[in-house]
Amino acid sequence: MTNVPSGVGEPLFDGLDSDLAKALLSIPAVKGIEFGAGFKAAEMKGSENNDEFQVSKGKVTTLTNNAGGVLGGISTGMP
């Protein structure tokens, strides 16, 4: 997904990734979905999967996008 505004979602209940998963998994043919590194994240160390923050051109971004633009259930605005 692209152009998702930063801050959409809630940290514990009604997180953006959980709401998207609920909608997608309600389609009978869908058996699994991935956000960011997805299932591969289970094989990664936390330090490898962590999306480190940086400031670039006055905007906070991450060096990687292993979380798929959703950290703690809240959109970072990254694709």
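Computed from a prediction, not measured in an experiment: that's the story for all the values here.

**Student:** What is the right way to look at the overall build of the protein in this model?
**Tutor:** Each helix and strand counted, the protein has two helices and four strands in total. When the helices and strands of the protein are placed in sequence order, the string is α-α-β-β-β-β. Oriented by its inertia axes, the alpha-carbon framework of the protein measures out at about 45 × 30 × 20 Å. Residues classed as buried in the protein amount to 19% of the 79 residues present. Across the protein, contacts joining residues at least 24 apart in sequence account for 40% of those joining residues at least 6 apart. When the accessible surface of the protein is summed, it comes to about 5700 Å², and 58% of that surface belongs to carbon and sulfur atoms. Across the protein, the mean location of the 6 positive side-chain charges is 5 Å away from that of the 9 negative side-chain charges.

**Student:** Is there a simple way to explain unusual backbone geometry in this structure?
**Tutor:** Trans is the common state for peptide bonds, and a negative phi is the common state for residues other than glycine. Phi is positive for Asn-3, which is not a glycine, with a value near 65°. Inspection of the secondary structure assignment puts Asn-3 in the segment before α1 (16-25).

**Student:** Looking at this structure, how should I read the environment of Ala-37?
**Tutor:** Tracing the chain through its elements places Ala-37 in the loop between α1 and α2 (46-49). The exposure class of Ala-37 is buried, given its relative accessible area of 17%. Sequence spacing of Ala-37 and Met-1 is 36 residues, and the spatial spacing of their C-alpha atoms is 14 Å. Dropping the residues within four chain positions of it, Ala-37 is found in contact with Met-44, Asn-49 and Asn-66.

**Student:** Just checking my understanding: could you explain the side chain of Thr-62 for this structure?
**Tutor:** Note that Thr-62 resides in strand β2 (residues 59-62). For Thr-62, a relative accessible area of 8% gives the class buried. Here Thr-64 takes part through its backbone oxygen, which lies 2.5 Å from a polar atom of the side chain of Thr-62. Sequence-distant contacts of Thr-62, that is, excluding residues within four places in its chain, are made with Asp-51, Glu-52, Phe-53, Gln-54 and Met-78.

**Student:** Looking at this structure, how should I read the environment of Val-55?
**Tutor:** With respect to the secondary-structure elements, Val-55 resides in strand β1 (residues 53-56). Through-space distance from the C-alpha of Val-55 to that of Gly-32 is 34 Å; in sequence the pair is 23 residues apart.

**Student:** What am I meant to see in the pairing of β1 here?
**Tutor:** Along any regular strand, the residues point their side chains to alternate faces of the sheet. In the sheet, β1 pairs with β2 via four bridges, with the strands oriented antiparallel. Bridging from a neighbouring strand, Phe-53 pairs with Thr-62 of β2. The hairpin turn running from β1 into β2, its antiparallel successor, is two residues long, and Lys-57 in that turn takes a positive phi close to 55°.

Conventions adopted
Residues numbered from 1 in each chain as written. Predicted model: local features only at pLDDT ≥ 70, side-chain atom pairs only at ≥ 80, totals over all residues. Heavy atoms only, no water. Helix = DSSP H or I, 4+ residues; strand = E, 2+ residues; numbered from the N terminus. Buried < 20%, exposed > 50% of the residue type's maximum accessible area, 1.4 Å probe, protein only. Contact = heavy atoms within 4.5 Å. Areas by Shrake-Rupley, 256 points an atom, 1.4 Å probe, with all protein chains shown as cover. Lys, Arg positive; Asp, Glu negative; His and termini not counted. Charge placed at Lys NZ, Arg CZ, Asp CG, Glu CD. Polar contact = N/O pair within 3.5 Å; in protein donor to acceptor, adjacent residues only side chain to side chain. Pairing = 2+ DSSP bridges.

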